[in-house]
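# Analysis of the macromolecular model
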Amino acid sequence: MFDAKRLLDQLVGSGVAGGLAGGLAGGALANTLTSKKVKKVAGSALQIGGLALVGGLAYKAWQNYQQGSAADTGGGKDTIPVGTAFLPASNDTAGANALSLLLARAIISAAKADGKIDIGESQAILQQINSLDLPAEDKAFLFEEYGRPLDIRGLAAAVDSPEHAAEVYAASLLTVDPPSPPEKIYLDSLADALGLEPRLVVEIHATLQADREAN
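Per chain, residues are indexed from 1 in the order of the written sequence. Residues qualify for local features only when their pLDDT is at least 70, as the model is predicted, and side-chain atom pairs are given and counted only at 80 or more; totals for whole chains, interfaces and linings, by contrast, use all residues. Neither water nor hydrogens contribute to the side-chain values; these are computed over all heavy atoms in the structure.

### Some points on the environment of Leu 173
This is how the line gets drawn: In DSSP terms, a helix is any run of H or I states spanning at least four residues, a strand is any run of E spanning at least two, and both are numbered starting from the N terminus. Throughout, a residue-residue contact means that at least one pair of heavy atoms, one from each residue, lies within 4.5 Å.
Inspection of the secondary structure assignment puts Leu 173 in helix α10 (residues 162-176). When the C-alpha positions of Leu 173 and Leu 187 are compared, they lie 7.5 Å apart, and in sequence the two are 14 residues distant. Beyond its immediate stretch of four places on either side in the chain, Leu 173 contacts Leu 187, Ile 204, His 205 and Leu 208.

### Let's talk about helix α8 (residues 136-147)
Since there are 3.6 residues in each turn of an α-helix, residues three or four apart along the chain are aligned in direction. To keep things clear, this is the line we draw: To estimate how far a helix should extend, the number of its residues minus one is multiplied by 1.5 Å. Between buried and exposed lies partly exposed: a residue is buried under 20% and exposed over 50% of the maximum accessible area for its type, with that area taken using a 1.4 Å probe on protein chains only. Directions are taken from the helix axis to each C-beta atom, and the arc is the one they span.
With 12 residues, α8 extends 16 Å from end C-alpha to end C-alpha; this agrees with the ideal 16 Å at 1.5 Å per step. Of all the residues in α8, the buried ones are Asp 138, Lys 139, Phe 141, Leu 142, Glu 145 and Tyr 146. Projected down its long axis, α8 carries its buried residues within an arc of 155°, all on one side. Every exposed residue of α8 that faces more than 90 degrees away from the buried side is listed here: Ala 136 and Gly 147.

### With respect to the pattern of salt bridges
For clarity, the cut-off: Only one rule defines a salt bridge in this text: a Lys or Arg side-chain nitrogen within 4 Å of an Asp or Glu carboxyl oxygen.
Taken as a whole and judged by the stated rule, the model has 6 salt bridges. The partner of Asp 192 in a salt bridge is Arg 153, with the nearest N and O atoms 3.2 Å apart. Here Asp 192, found in helix α11 (residues 181-194), pairs with Arg 153, found in helix α9 (residues 152-157); they are 39 residues apart in sequence, far enough to count as distant. Overall, the relative accessible area of 54% leaves Asp 192 in the exposed class.

### Regarding the nonpolar core
Rules: What makes a nonpolar core is a set of buried Ala, Val, Leu, Ile, Met, Phe, Trp, Tyr and Cys residues whose side-chain atoms join them at distances within 4.5 Å.
Among the nonpolar cores identified, the biggest contains 57 residues, and Leu 142, Val 168, Tyr 169 and Leu 194 are the most heavily contacted of them. Per element, the largest residue contribution to this core is 10 residues, and it comes from helix α6 (residues 93-111). Beyond its immediate chain neighbours, meaning those up to four positions away, Leu 194 contacts Ala 156, Val 159, Ala 165, Val 168 and Tyr 169.

### Notes on the environment of Leu 87
Within the secondary structure, Leu 87 sits in the loop between α5 (50-67) and α6. In this structure Leu 87 comes out as buried when scored by relative accessible area, which is 8%. Note: C-alpha distance between Leu 87 and Val 54 (33 residues apart in sequence) is 9.1 Å.

### What about the confidence of the model for the protein?
Here is the rule: Per residue, pLDDT captures the predictor's confidence, and it can take any value from 0 to 100.
In this model, the protein carries an average pLDDT of 78, and 73% of its residues clear a pLDDT of 70 or more. Per-element confidence in the protein ranges from a low mean pLDDT of 33 for helix α3 (residues 29-33) to a high of 97 for α9. Across residues 22-46, where pLDDT falls below 50, the model places 48 contacts with residues more than four positions away in sequence or in other chains.

### Topic: the packing of aromatic side chains
To be explicit about the condition: Think of it this way: a Phe, Tyr or Trp ring, Trp meaning its six-membered ring, pairs with another when their centres are within 6.5 Å, and the plane angle makes it stacked under 30 degrees, edge-to-face over 60, tilted otherwise.
In total, this model carries 4 aromatic pairs according to the counting rule given. Note on Phe 2 and Phe 141: the rings are 5.0 Å apart at their centroids and 35° apart in plane angle, and the pair reads as tilted. Remark: Phe 141 occurs in helix α8 and Phe 2 occurs in the segment before α1 (4-13); sequence separation between them is 139 residues. Here the aromatic cluster, defined as three or more aromatic residues joined through ring pairs, consists of Tyr 59, Trp 62, Tyr 65 and Phe 86.

Written as C-alpha cells, this is what we have:
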C-alpha cells in the first residue's frame with residue numbers, strides 16, 4: 001500500500017531527492033548523495049522523520065517572520081510543531097499522509113528545476129529510483145511524478161494554507177540547497193506562485209542556513 005509519509009522520509013532521509021537534482025544538473029550523483037550536506041539532512045530526517053524536519057524548519061522561520069527577528073542557531077528541528085498547521089497530530093494519519101504527499105511532490109518538482117532532461121539523464125534517474133529500497137508502489141509514484149512536466153502553478157494550487165505554503169518552499173529549498181542559477185529562478189517563481197512574503201522567504205533561507213551551521 002502506498003504510504004506518502006514513508007516515501008517522504010526516504011526522499012529526505014536518504015538524500016535521494018538532492019542526488020536526483022544533482023543528476024539533472026549534470027553533476028555526479030554519487031558525490032551528491034555522499035556529500036556532508038546531504039548526510040547532515042539525512043541524519044536529522046532519520047531521527048525525527050521527513051515531515052517533522054520540514055515542518056520544524058518552516059515553523060521556526062514562520063516564528064522569526066512573525067516576531068521580526070533573525071533566525072538563531074537553534075535549528076528548526078528543536079521546535080517541532082506537533083498538532084499545528086505545520087505538523088498534524090500523531091493520531092491524524094490522513095492529515096500526515098496528505099501533507100507528506102504534498103511535500104514529496106514539492107521535492108520532486110524542485111529536483112526537476114535545473115533544466116531539460118536528456119535521454120542519458122532520464123535513464124540514470126530511472127535506474128536510481130529502481131535501485132531504492134522502496135515498495136513497488138512508491139517507485140511507481142516516483143516514476144510517474146518525475147515523468148510529469150514541471151508545473152509550478154499546479155503545485156501551488158494544491159496548497160491550502162499559508163503554513164503549508166511555507167513548508168512546500170522549505171522542502172523545495174532543502175532539495176536544491178545551494179541552488180544553481182536555474183534553481184534560483186525556480187524558487188523565485190515558486191515563492192511568487194505560493195504568495196509568500198519576501199521577508200518570510202528570507203527567513204526560510206536563513207533558518208536552513210542556521211540549522212546547517214549549528215550542526
